[in-house]
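Given next are the chains, with one letter for each unit.
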Amino acid sequence: MNRPLRRGTLVAALLLALSPAVAQSDLALVEEGAEDSAARRDTLAEEELEAGTDDLLPADDPGTVELRGVEVQGKVGNDNEVLYLDEKRASPEIVEALSSEQIARTGDSDVATTLKRVPGLSVVNGRYVYVRGLGERYSSVLLNGAQIPSPDFTRRVVPLDLFPTELLDGIIVQKTYSPNLPGEFGGGAVILRTREAPQKPFFRIQGTIGYTAGTTFQDGLSYEGGDSDWTGSDDGTRALPGSLEAAISGGNYLRPASANNPGGATPEQLQQYGQDLAESGFGIGPDRIGPDGGLSIGLGNSFQLSDDVRLGLIGAFRYNQDWDSVAEVRSIYANSNSGLTQVGNLEIDLSGREVDSSAFIGANLDLGRYHRIGLTLLDLRQTQDLTRISDGIVDSVDSSYYEMRWTENELIAGQLIGTHMFPDAHDLEIHWQYTHSDASRDQPNRRTYRYDRADDVLEYSRRSDANASSFGELDDSQNDYAISGVLPFYFDSGSSLLLSGGLGRTTRNRDSSIRTFSYLLASGSPLNSEPGFFAQPIDQILTAANIGPEGFVLREVTRPTDNYFADQAIDSYFLNAELDLGMWRVSAGARHESNTQSVTTFDVGSSSFDPIISSDDSDIWLPALAVTWAYSDAAQLRFAYSKTLSRPDFRELSPAPYTDPDLDIDTIGDPDLLSTRIQNLDLRWEYYFGGADTFAIALFQKKFDNPIEKLRIPGSTPLLQLSNALSADNYGVEVDLQKNLGFVGERWLESLDTSPFDVGFNYTRVKSSIELDTESAGFQTNLSRPMQGQSPYVVNLNFGYTSERNEANLLWSRFGSRISEVGVQGQPDVYEESYNSLDFIWRHFINDNWRTTFRLRNLLDSEVRFTQGGLDTRLYQKGREVLFSLEWRPLK
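Residues numbered from 1 in each chain as written. Predicted model: local features only at pLDDT ≥ 70, side-chain atom pairs only at ≥ 80, totals over all residues. Heavy atoms only, no water.

A. Fine view of the overall build of the protein. Counting secondary structure elements, the protein contains ten helices and 43 strands. For the protein, the computed accessible surface area is about 36,900 Å², with 55% contributed by carbon and sulfur atoms. (Helix = DSSP H or I, 4+ residues; strand = E, 2+ residues; numbered from the N terminus. Areas by Shrake-Rupley, 256 points an atom, 1.4 Å probe, with all protein chains shown as cover.)

Below is the structure:
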């Protein structure tokens, strides 16, 4: 029985015939696990159509022969640049697509750096993606279509510098919503597609060494750490001492024994706990900083187990270590009759060390032509070791503050994906996936202390915040289940209809704990009368001899809101129909989500403290409509409308304070926060010149109900609090151009070959306004202002050169000044001021097996400035970076 040629088969055949790069590449790494709609058409990597002499049938015309079938065999790899561009063009949604080939040309080592090149995207602090100028709250990251938690509990999304580019087959940035995606969608979704196994063996190894101006080979700050610090894993040096750990196990709060608390710790026990804790030391001193460095390895192969069964394996490992020394000036202001008055200032010297490591294993099992099962295992680790000394005036006291902070973030994910096609069931396609993720954050023995200046002598402080040792742990476990199906219908007129639907469930649990201890000087201690005692270095003050009933006594000072646990379950289903009429394509559907979320903040030190419980039980429908008018072979017009939302994260619903690592300010949540509802409207015109050359211009609008913002609470010590505004409106224009410059030589410079050069330019202009709740309007300073975190513009310019042996790229970017903290009670908003960023990369292919990469980052080294009312609140420079990499590929 003859069956009409399936549309997917025809596409595969044409691509193989028209694209030599695809037909000749045995190294195409196929990605079929993502469940986004753009990848649906590439479900099968191999198509077969049978042909032979028996299939030649006589036709009515004796001069012709009718073919019953044609056999075409080949592999279609999604990592080809042309295929990703074709996916961008054919997708019902507005997307930006980056293939692994495009990523490789940039020489970027992590995803965050690569995404700087995507229209409308900006990357903050080298790791967090802002889509269309919106904050990271309105961005999401999906791994092969599945949600994953962030190992950084201070952020809603995964830091994208954790993902090495060599793990990826490609990146899709979806800017308009589709029902198969999670409902939390604001500026856009970044969909990471991991590599699948190659068709033949490959092996690569790369080493990198780097230099940072003002840091490398200079003296920085350091303290006594562990022998395994270079690995990013603490060897127990910073661990809670065993004696103290046993004393507080089971949720016990450390209290001294008394008549009302006979079961408390005795003076002898407290002395032992204090002496054990002090063994880790408090001293900070200078240390020479070495160069940055890194190593990455990748390998893979596939095995034909039988005629119909193929097993592919791929693995990758990456290690990277960076150092950074920063000198920062910080100012604190308060309102007065004459305007802002400076009430505090700090000069900060900071040395940081960051160790990143990742391991990736992928396996694909092809069972015949129509079934594939994939397994992905991923372990991402990021460790930050920070040492800081701050000198200045706070609360009218001239002081020096010292801090030692070690933080380990880790994300472990396991993902099982299945893709199946059933030709006898009308070419029904079934996709399913299960993803288990564990994110953890360990911050052992964060130590802080201060010295106060009196009569020009710096002495150890006798204030209540003179010292603290805290131990923080966070564990976040998530399970994501999803199954979906696509049923195609093809009509004689050439039109088609794709019906799709799916079910999903996401469950998440988090436990967050902080335990803090401090040494308090006993009342009447003889140490008070020792001349010059408090002017000594800290390690000569907090010694074993000085810790005891008549000296320093250890106390627990954990705050009542420092501990919380949370859980969430989201059940979802979606339906969608995609109608293709040739010139017109329409996609319409809706997603339903039921969310059950609870956050409980409790006091480990008091049973009389009622837990603070925040909960959300809600159901919501999220519709989406996308229309494309392809009125010519080279151009098309798109329209999209959708409703989405942004829910408060666990930490945002708990009053437990946390330190924002970028602003370095304590932040507290609000148990009464509401979810933000968003209406999205997009209109975009696209023109395709041919090859990879494109031009697009887009208009967009987003309306927010109950947007969540950070408010700066007045005081000598800065404090941020999360709060809902009433509504906000965000609208703008986006322009994108990708063009090879060969036409310049052809038309105007005939003696010069300009075809190796290309230019990329994108510009996003956004205007936003916010309407405040009347109850809080008087609390906030500006009743009319942009949204917090919204840049008025984002611009990127990329100039590239490609030849047989060399590739070079120069990238310039800039974002507009954006509100970092919302001012209240008469204080102006705090702005992060705009600055220019310029990077350069040169890649040289020595021969078929060896290549070098030379990168210059932050060439302009612009000042990073935060201002309030035109006055600087923070001022620092990051320093220029130079990196050199050497790569060997004996198999490819």
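B. Expanded view of the pairing of strand β33 (residues 727-740). Here strand β30 (residues 693-705) pairs with β33 via twelve bridges, running antiparallel. Paired with Phe 695 across the bridge in β33 is Leu 737. With 14 bridges joining them, β33 and strand β34 (residues 757-771) adopt antiparallel strand pairing. Within β34, the residue paired with Val 733 across the bridge is Arg 765. (Pairing = 2+ DSSP bridges.)

C. Spatial organisation of the sheet that holds strand β3 (residues 95-99). Pairing is mixed in the open sheet, where five strands are placed in the order β3-β8-β9-β6-β7. The strands lining the two open edges of the sheet, one partner per strand, are β3 and β7 (146-147). Lying on the sheet, helix α3 (residues 81-90) is in contact with β3, β8 (168-174) and β9 (188-194); it crosses β3 at an angle near 170°. (Contact = heavy atoms within 4.5 Å. Axes fitted to C-alpha atoms, helices over the stretch in contact; angles between N-to-C directions.)

D. Here's a closer look at the nonpolar core. Among the nonpolar cores identified, the biggest contains 34 residues, and Leu 115, Leu 160, Phe 163, Ile 171, Val 190 and Leu 192 are the most heavily contacted of them. Those residues in contact with Phe 163 that sit more than four places away from it in its chain are Ser 109, Asp 110, Val 111, Leu 143, Ile 148, Val 158, Leu 192, Leu 378 and Leu 380. (Core = buried A, V, L, I, M, F, W, Y, C linked by side-chain atoms within 4.5 Å. Buried < 20%, exposed > 50% of the residue type's maximum accessible area, 1.4 Å probe, protein only.)

E. Highlighting the pairing of strand β4 (residues 121-124). Alternating positions in β4 separate into two faces, Leu 121 and Val 123 on one and Ser 122 and Val 124 on the other, with burial throughout. Inspection of the sheet shows β4 paired to strand β5 (residues 128-131) by four bridges, in the antiparallel sense. Following the sheet pairing, Val 124 is matched in β5 by Tyr 128.

F. Here's a closer look at the pattern of salt bridges. Tallying each qualifying case throughout the model produces 46 salt bridges. When the shortest N-O distance is used, the salt bridge between Glu 734 and Lys 175 registers 3.0 Å. With a gap of 559 residues between them, Glu 734 in strand β33 and Lys 175 in the loop between β8 and β9 connect regions that are remote in the sequence. Lys 175 shares its class with Glu 734; the two are buried. With a shortest N-O distance of 2.6 Å, Arg 515 and Glu 556 are connected by a salt bridge. Placement of the pair is Arg 515 in strand β21 (residues 496-521) and Glu 556 in strand β22 (residues 552-556), with a sequence separation of 41 residues. (Salt bridge = Lys/Arg side-chain N within 4 Å of Asp/Glu carboxyl O.)

G. Molecular detail of unusual backbone geometry. Its identity as a non-glycine residue notwithstanding, His 426 has a phi of 60°, on the positive side. Note that His 426 resides in the loop between β17 (397-422) and β18 (428-454). Despite not being glycine, Asp 456 shows a phi value in the positive range, around 65°. Relative to the assigned elements, Asp 456 resides in the loop between β18 and β19 (457-460).

H. How the structure looks around helix α7 (residues 267-278). Over its twelve residues, α7 runs 16 Å from end to end, which matches the ideal 16 Å to within 8%, given 1.5 Å per residue. Along α7, the positions that sit buried rather than exposed are Leu 270, Tyr 273, Gly 274, Asp 276, Leu 277 and Ala 278. Considering only its buried residues, α7 is in contact with α6 (242-248), β18, β20 (467-490), β21 and β22. (Expected span 1.5 Å × (residues − 1).)

I. The arrangement of the packing of aromatic side chains in detail. One pass over the full model with this rule turns up 28 aromatic pairs. Three or more aromatic residues joined by ring pairs make a cluster, and in this case those are Phe 282, Tyr 402, Tyr 449, Tyr 451, Tyr 460, Tyr 519, Phe 533, Phe 534 and Phe 552. Sitting over the ring of Phe 815, Arg 818 keeps its end group 3.9 Å from the ring centre. (Phe/Tyr/Trp six-rings, centres within 6.5 Å; stacked < 30°, edge-to-face > 60°. Lys NZ or Arg CZ within 6 Å of the ring centre and 35° of its normal.)

J. Seen up close, a nonpolar patch on the surface. Nonpolar side chains collect at one region of the surface, where Ile 209, Ile 846, Trp 850, Phe 884, Leu 886 and Trp 888 lie side by side and expose about 530 Å² of accessible area between them. Tallying contributions element by element places strand β43 (residues 881-891) first for the nonpolar patch, with three residues. With respect to the helices and strands, the residue Ile 209 is situated in strand β10 (residues 202-212). Relative accessible area serves as the criterion here: at 48%, Ile 209 is assigned to the partly exposed category. (Patch = residues over 30% accessible without salt bridge, like charges linked within 9 Å, V, L, I, M, F, W, Y side chains within 5 Å.)

K. Geometry of the environment of Thr 113. Secondary-structure assignment places Thr 113 in helix α5 (residues 111-114). Placed 48 residues apart in sequence, Thr 113 and Asp 161 show a C-alpha to C-alpha distance of 7.3 Å.

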